[in-house]
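Each chain, written out:
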Amino acid sequence: MNRTLIAPSILSADFAAMGEAVKTLQKNGADMIHCDVMDGTFVPAITFGAQMVSAIRPHTDLPLDVHLMCADPQNKIADFVNAGADIVTVHAEACGGALDDVLRGIRSYGVRCGVAVSPDTPLQKIGGSLERCDMLLIMSVHPGRGGQKLIERTLAKADEARRFFERNGLSTDIEMDGGITEENVAAVKAAGVNIIVAGSAVFRSADMGATIRALRERV
Ligand code: DX5
Ligand code: ZN
């Protein structure tokens, strides 16, 4: 099983001090920075674009894990790669039958590619693309905002995915995103997840370092 990583989401950070936020995350032991990009079309909210990624890039050498909650993501890949993204994840629901091409497109830039599935999307919808991504992002909340409660049934999807990857000799990362806290992170890990996204749990904490350590101790 791949090493378990903690990837705090900057969705819950102070947008007026994002450079400081990523520096603090790195200082407090984060393994990656999860960047939640919302375009106001795929999801109602709008958060930030590639400019925010390029703005934080010089403030951390942690991998930037860009989660595109965007329609037509294929048109946005180059901007985020040029901004400094190390992983670009697109939603299967936004790609339809072109998912394989979009993944190939991401990889053609020399960065890792991820596929995200929302809670109501079965793994079967991704089909063969499961074997052609570096990371599977299983949404444990409906995409569009932070601070929601983890949807328990999504754990079974992670377990199903981990069994698929093991059966096929794949070391694909499984990331889970949404509603993860110190209380439920052990169950998330037990379901086969190895990259933990946490936004509000980390940024609402009085002691960010202690919370990141507590998450890591439980996985
Ligand atoms: C939803 C976002 C959030 C965020 C994590 O669209 O993707 O899940 O990353 O938010 P918390 O950890 O606050 O649920
Ligand atoms: Zn996310």
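Residues numbered from 1 in each chain as written. Chains lettered and ligands numbered in written order. Predicted model: local features only at pLDDT ≥ 70, side-chain atom pairs only at ≥ 80, totals over all residues. Heavy atoms only, no water.

## A short note on the site of ligand 1
Residues in close proximity to ligand 1 total 21 residues, the closest being Asp36, Asp177, Gly179, Gly199 and Ser200. Taking Gly199, its main chain carries an N or O atom lying 2.7 Å from an oxygen atom of ligand 1. Here ligand 1, which alone exposes 370 Å², has 100% of that area covered by the protein. In this structure the site holding ligand 1 corresponds to the largest cavity. At the level of secondary structure, the elements contributing two or more residues to the shell around ligand 1 comprise β2 (33-38), β3 (64-69) and β8 (195-198). When residues in the shell around ligand 1 are grouped by element, the largest group, three residues, is from β2. Looking at the shell around ligand 1, its residues break down into eight nonpolar, ten polar and three charged. (Near = heavy atom within 4 Å. Polar contact = N/O pair within 3.5 Å; in protein donor to acceptor, adjacent residues only side chain to side chain. Areas by Shrake-Rupley, 256 points an atom, 1.4 Å probe, with all protein chains shown as cover. 1 Å grid on protein atoms, 1.4 Å probe; cavity = no way out; pocket = protein on both sides within 12 Å on 5 of 7 lines; lining within 4 Å. Sits in = over half its atoms within 2 Å of the grid points. Helix = DSSP H or I, 4+ residues; strand = E, 2+ residues; numbered from the N terminus. Nonpolar A, V, L, I, M, F, W, Y, C, P; charged D, E, K, R; others polar.)

## Description of the confidence of the model for the chain
When the pLDDT values of the chain are averaged, the result is 97; 100% of them are 70 or greater. Per-element averaging of pLDDT across the chain places helix α9 (residues 208-217) at the bottom with 97 and β3 at the top with 99. (pLDDT = per-residue confidence, 0-100.)

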